[in-house]
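# Structural features, examined
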Amino acid sequence: MIATAIAFYLFAAITVAAGFMVIAARNPVHSVLFLILAFFNAAALFVLLGAEFLALILVIVYVGAVAVLFLFVVMMLDVDFAELRQGFLQYLPVGALVGIILLIELVLVFGSWVIAPEAAGIAAAPAPAITEVHNTRALGQIVYTQYVYLFQAAGMILLIAMIGAIVLTLRHKPNVKRQVIRNQVGRKREDAIEMKKVEPGQGL
Amino acid sequence: MEEAASSVPAILPALPEIVLAVGAMALLMFGVFREGCTARETSIGALILFVLVAALLIVEPNERVLAFGGSFVVDGFTKFMKLLTLLAAAAAIVMSLSFIRREGFDRFEFPILIGLATLGMFMMISANGLIALYMGLELQSFALYVIAAFHRDNTRATEAGLKYFILGALASGMLLYGSSLIYGFTGSVEFPAIAAVIAADGASIGAIFGIVFVLAGLAFKISAVPFHMWTPDVYEGAPTPVTAFFAGAPKVAAMALLLRVLFGAFPAMEDQWQQIVIFISIASMVLGAFAAIGQTNIKRLLAYSSISHMGFALVGVAAGSPEGLRGVLIYLVIYVVMNAGVFCCVLAMNRKEGYVENIADLAGLSRHQPMVAFLLAMLMFSLAGVPPLAGFFGKFYVFMAAIEAGLYPLAVIGVLASVVGAYYYLRIVKIMYFDDPAEPFEQPMPGEIAAVLGVSSVFTMLFFVYPAPLIMGAQAAATALFP
């Protein structure tokens, strides 16, 4: 029990510290690296909660894709971060306001569960107790068994969005030279090279 | 828990949908991997697929079956509506065959998108819960947005697509907001559970707000006033076969959804929603009748005509009785068939320089193409509701239901609106027969369009001879929805 508490405070402290460093670091690349550290520690917190699926998704999606994308953007775009940082403090009141509103909303949500514990029970798809069914299985149960119809429907909608994007924007331009690997590989020596007998002392 | 995890959900009730989805994806693969695939090839594939799905629908049993945890329902009502949407979608594909080649946007995705839109409509018709409702609606709408803008080199078509997309997103937002309120105040997303909660606890103010927003979203989809603004612009801008499709199948599906929501989820709140339905019904009939008078473009005119026809169909919904429901279903069938015929005539309006859309271009059609002129005139009389043509019976059944339900003012306003509407329908007849002839259209019309026009005309003209099958079918479907 004490070990879990120690682990929790360790991961939580690192998460908060890394989150602070994201906005405090001078070098934007360092910011992204601290963001990755924050993601990893948040994933560890999820594992402590027994939400191992969310933990893995966080690592795969956010660290694996989103953070790397950030790195690309930071490195490829020529943004003058020193200039962006000018007047950084004047946004502090607005940021604090947003933070306070979020905090109040969170308190309201959790407070309503405390005031009316039965409110959590009327969810359309209540999660089974974590001692009975582990997290990944419970999620799979809901998404792939209980709501499989809606899940597949969402897939069809995405398919249509994809078809639509292609139909409405893809244009096949004529006279564009494309790389055709088959032609490149199938090319014979005779097609490209012509042997000429060159007499000494004369040009071609 | 362990058993539930290992058992596969019962998918048999959704077999037509699955076949349609898999078939559409197979056609997509066919189109992608076949060099130079044209819309004609995938169109024929899509039509074969539709026939297969129709056969599956027909052999399906009529009793009520729930699937996927109650969010998917199959009964006589869904069967009737699905067959009707399938018919309307198939007609649209047939009508597009020669058009898209002439207009130069011959790409194989067109019939596939119509097929996927039809899949969305099937899901709307079978929806038995708020999430399933929204998923079906979005699946349909996404495909329709793309189809509207399909002729991407034409600025009017892209404008139509963009307009439809933005306003459709707004309507979806309203619908979602209403759904969240309903879920919040009833504690369930399934229609029967919502109905049970409201029957037990009475209508809470939150649920009333929710139903208002849901009705607003659905009214947008059937283009009922005051959510009709997009209709004339989209109908005018979209390519004509697309307009023909928009005027038919999506309206049927959205009306089915409206009926399912009102009678499946909120039968206990009839007093509340009846007022809303009466209002949008009267507003649609009146605005559709008056706004169409000044139109010079035939597609805009037909847009206003479809707005007012949806108003007439809503008269039957407002009655709230099995007779009213039967009237709505009969109305929708007759409307879809007449509409297909009228759009065939619009598709016949092509000259050497391209398709024309002005009503004045029809002048002298009676001399150049007497047969087409006669059929169009007949369809116009039918749209106006002149007996003994089919359009009269559609109106007759909904107005009878309204009178039986004691909604006399609604019925009287409806009859008056249809008299006003007769003016602009008959003006087209007058232009065709009595105005100075304009330049003739290219003749003859393509065979497949002539075939659709012929079927539509025969149905419209001879419906009164043998109306029993349709009336019995609508009766059975209406009783399936009514508990």
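Residues numbered from 1 in each chain as written. Chains lettered and ligands numbered in written order. Predicted model: local features only at pLDDT ≥ 70, side-chain atom pairs only at ≥ 80, totals over all residues. Heavy atoms only, no water.

This paragraph deals with the overall build of chain B. Each helix and strand counted, chain B has 21 helices and four strands in total. Computed over C-alpha atoms, the radius of gyration of chain B comes to 22 Å, within 12% of the 23 Å expected from 2.2 N^0.38 for 483 residues, which places it in the range of a compact globule. When its C-alpha atoms are laid out on the principal axes, chain B stretches across 70 × 60 × 40 Å. The 483 residues of chain B split such that 62% are buried. Within chain B, contacts between residues separated by at least 24 positions form 82% of all contacts whose residues are at least 6 apart in sequence. Here chain B has roughly 16,900 Å² of accessible surface; of this, 70% comes from carbon and sulfur atoms. If the 23 positive side-chain charges of chain B are averaged to one point and the 30 negative ones to another, these points end up 8 Å apart. (Helix = DSSP H or I, 4+ residues; strand = E, 2+ residues; numbered from the N terminus. Rg over C-alpha atoms; globule rule 2.2 N^0.38 Å. Buried < 20%, exposed > 50% of the residue type's maximum accessible area, 1.4 Å probe, protein only. Contact = heavy atoms within 4.5 Å. Areas by Shrake-Rupley, 256 points an atom, 1.4 Å probe, with all protein chains shown as cover. Lys, Arg positive; Asp, Glu negative; His and termini not counted. Charge placed at Lys NZ, Arg CZ, Asp CG, Glu CD.)

Residue and element names in this part refer to chain B. Across all of its chains, the model carries 30 aromatic pairs over all chains by this definition. Taken together, a centroid distance of 6.5 Å and an interplanar angle of 45 degrees make the contact between Phe 245 and Phe 246 tilted. Phe 246 carries the same exposure label as Phe 245, and that label is buried. Put simply, the rings of Phe 142, Tyr 145, Tyr 164, Phe 165, Phe 220, Trp 230, Tyr 235, Phe 245 and Phe 246 pair up and form one aromatic cluster. Seen from the ring of Phe 150, Arg 107 lies directly overhead, with NZ or CZ sitting 5.0 Å from the centre. In this structure, Lys 395 is placed above the aromatic ring of Phe 312, and the distance from its NZ or CZ to the ring centre is 4.6 Å. (Phe/Tyr/Trp six-rings, centres within 6.5 Å; stacked < 30°, edge-to-face > 60°. Lys NZ or Arg CZ within 6 Å of the ring centre and 35° of its normal.)

Let's shift gears to the pattern of salt bridges. Residue and element names in this part refer to chain B. Counted by the stated rule, this structure contains 15 salt bridges over all chains. Notably, a salt bridge pairs Arg 64 with Asp 75, separated by 3.8 Å at the nearest N-O pair. With Arg 64 in the loop between helix H3 (39-59) and strand S1 (65-67) and Asp 75 in the loop between strand S2 (72-74) and helix H4 (76-102), this pair connects stretches of sequence that are eleven residues apart. One salt-bridge network, in which partners are shared between bridges, spans Arg 156, Glu 159, Lys 163, Asp 233, Glu 236, Lys 299, Arg 300 and Glu 357. (Salt bridge = Lys/Arg side-chain N within 4 Å of Asp/Glu carboxyl O.)

To continue, consider the interface of chain B and chain A. Counting from both sides, the interface comprises 31 residues of chain B and, opposite them, 27 residues of chain A. Summing both partners gives a buried area of about 2,600 Å² for chain B against chain A, and 75% of it is carried by carbon and sulfur. If you look at where chain B meets chain A, you find one salt bridge. With a shortest N-O distance of 3.1 Å, Arg 171 of chain A and Asp 153 of chain B are connected by a salt bridge. Residue assignment for the side of chain B that touches chain A shows that the elements contributing at least two residues are helix H1 (2-6), helix H2 (15-33), helix H5 (109-126) and helix H6 (130-148) of chain B. Per-element accounting of the side of chain B that touches chain A gives the leading share, eight residues, to H6 of chain B. For the side of chain B that touches chain A, a count of residues per class yields 23 nonpolar, two polar and six charged. (Buried area = accessible area lost by both parts, 1.4 Å probe. Nonpolar A, V, L, I, M, F, W, Y, C, P; charged D, E, K, R; others polar.)

On to the nonpolar core. Core analysis: the largest hydrophobic core is formed by 200 residues, its most contacted members being Phe 245, Met 255, Phe 266 and Leu 362 of chain B. Counting residues per element, this core draws most heavily on helix H15 (residues 322-347) of chain B, at 18 residues. Not counting residues up to four positions away in its chain, the partners in contact with Leu 362 of chain B are Ile 298, Met 349, Leu 376, Ile 428, Ile 431, Met 432 and Phe 441 of chain B. Counting residues in each nonpolar core, the second largest holds five residues, with Leu 35, Ile 36, Phe 39 and Val 63 of chain A among its members. (Core = buried A, V, L, I, M, F, W, Y, C linked by side-chain atoms within 4.5 Å.)

Further remarks concern the side chain of Arg 260 of chain B. Residue and element names in this part refer to chain B. Structurally, the position occupied by Arg 260 is in helix H12 (residues 249-265). Reaching out from Arg 260, the side chain makes a polar contact with the side chain of Asp 75 at a distance of 3.4 Å. Beyond its immediate sequence surroundings of up to four residues, Arg 260 is in contact with Arg 64, Val 73, Asp 75, Phe 77, Thr 78, Ile 125, Ala 127, Asn 128, Phe 191, Ala 265 and Leu 481. (Polar contact = N/O pair within 3.5 Å; in protein donor to acceptor, adjacent residues only side chain to side chain.)

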